[in-house]
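Listed below, chain by chain, are the residues.
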Amino acid sequence: QVQLVESGGGLVQAGESLRLSCAASGSWSSLNAMGWYRQAPGNERELVATITSSGSTNYADSVKGRFTISRDNAKNTVYLQMNSLKPGDTAVYYCNTHYIRRYGLGLLEVWGQGTLVTVSS
């Protein structure tokens, strides 16, 4: 019952910045941890960053110091600020969340449709 929609992707040059947004809509009891993942052509989807409902964060080693994940619980939105972008960051970025249904007890998972980030050299 939760839909995630990513936005903010695009084409940038190396060294530039982008800010991705992921807005949740629908109904739920609680949005728990949220995260950003990415998948480049020919590669498996990999974890980029996660953030808990209380704000604790975790990052992949490849993006530490460059990317920042944050969330605005009032807006039901998670962000990924990407600075000092490198060509290796080129991928489709997906938003993910674990949540509890409005009228349910179990923990569910949902993914967004993805937004493409292309970093040229």
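Residues numbered from 1 in each chain as written. Predicted model: local features only at pLDDT ≥ 70, side-chain atom pairs only at ≥ 80, totals over all residues. Heavy atoms only, no water.

*Asks:* Tell me about the pairing of strand E3 (residues 18–26), and name the residues and values.
*Replies:* One face of the sheet, then the other: side chains in a regular strand alternate in exactly this way. Here strand E1 (residues 2–7) pairs with E3 via six bridges, running antiparallel. The partner of Leu4 across the bridge, within E3, is Ala24. With six bridges connecting them, E3 and strand E8 (residues 77–82) associate as antiparallel partners. The residue bridging Leu20 from the neighbouring strand is Leu80, located in E8. (Pairing = 2+ DSSP bridges. Helix = DSSP H or I, 4+ residues; strand = E, 2+ residues; numbered from the N terminus.)

*Asks:* Could you give an account of the state of the cysteines, naming the residues involved and the relevant values?
*Replies:* Taken as a whole and judged by the stated rule, the model has one disulfide. Bridging Cys22 to Cys95, the disulfide has an S-S length of 2.2 Å. Judged by the sign of its S-S torsion, about -85°, the bond between Cys22 and Cys95 is left-handed. Taken together, the residues Cys22 in strand E3 and Cys95 in strand E9 (residues 91–100) connect sequence positions 73 residues apart. Residue classification places Cys95 among the buried residues on the basis of a relative accessible area of 0%. (Disulfide = S-S within 2.5 Å. Buried < 20%, exposed > 50% of the residue type's maximum accessible area, 1.4 Å probe, protein only.)

*Asks:* Lay out the packing of aromatic side chains with the relevant residues and their values.
*Replies:* Taken as a whole and assessed by the stated rule, the structure comprises one aromatic pair. Above the face of the Tyr94 ring, Arg45 is positioned so that its terminal group lies 5.4 Å from the ring centre. (Phe/Tyr/Trp six-rings, centres within 6.5 Å; stacked < 30°, edge-to-face > 60°. Lys NZ or Arg CZ within 6 Å of the ring centre and 35° of its normal.)

*Asks:* Account for the pattern of salt bridges, with residues named and values stated.
*Replies:* For the structure on display, the rule yields four salt bridges. Between Arg38 and Glu46 there is a salt bridge; the shortest N-O distance is 2.8 Å. In this structure Arg38 comes out as buried when scored by relative accessible area, which is 5%. (Salt bridge = Lys/Arg side-chain N within 4 Å of Asp/Glu carboxyl O.)

*Asks:* Mind laying out the sheet that holds strand E7 (residues 67–72), listing which residues take part and the relevant values?
*Replies:* With respect to topology, four strands assemble into an open sheet ordered E1-E3-E8-E7, the strand pairing being antiparallel. Each end of this open sheet is capped by a strand with a single partner; those strands are E1 and E7. Put simply, the sheet's adjacent strands are angled 15° from each other on average, direction ignored. Bridge analysis of E7 against E8 gives six bridges, and the strand direction is antiparallel. Considered in E8, the bridge of Asp72 is made with Thr77. (Axes fitted to C-alpha atoms, helices over the stretch in contact; angles between N-to-C directions.)

*Asks:* Tell me about the nonpolar core, residues and numbers included.
*Replies:* Counting 31 residues, the largest nonpolar core has Trp36, Leu80, Met82 and Tyr93 as its most contacted members. Those elements giving two or more residues to this core turn out to be E1, E3, strand E4 (30–39), strand E5 (46–51), E7, E8, E9 and strand E11 (115–120). (Core = buried A, V, L, I, M, F, W, Y, C linked by side-chain atoms within 4.5 Å.)

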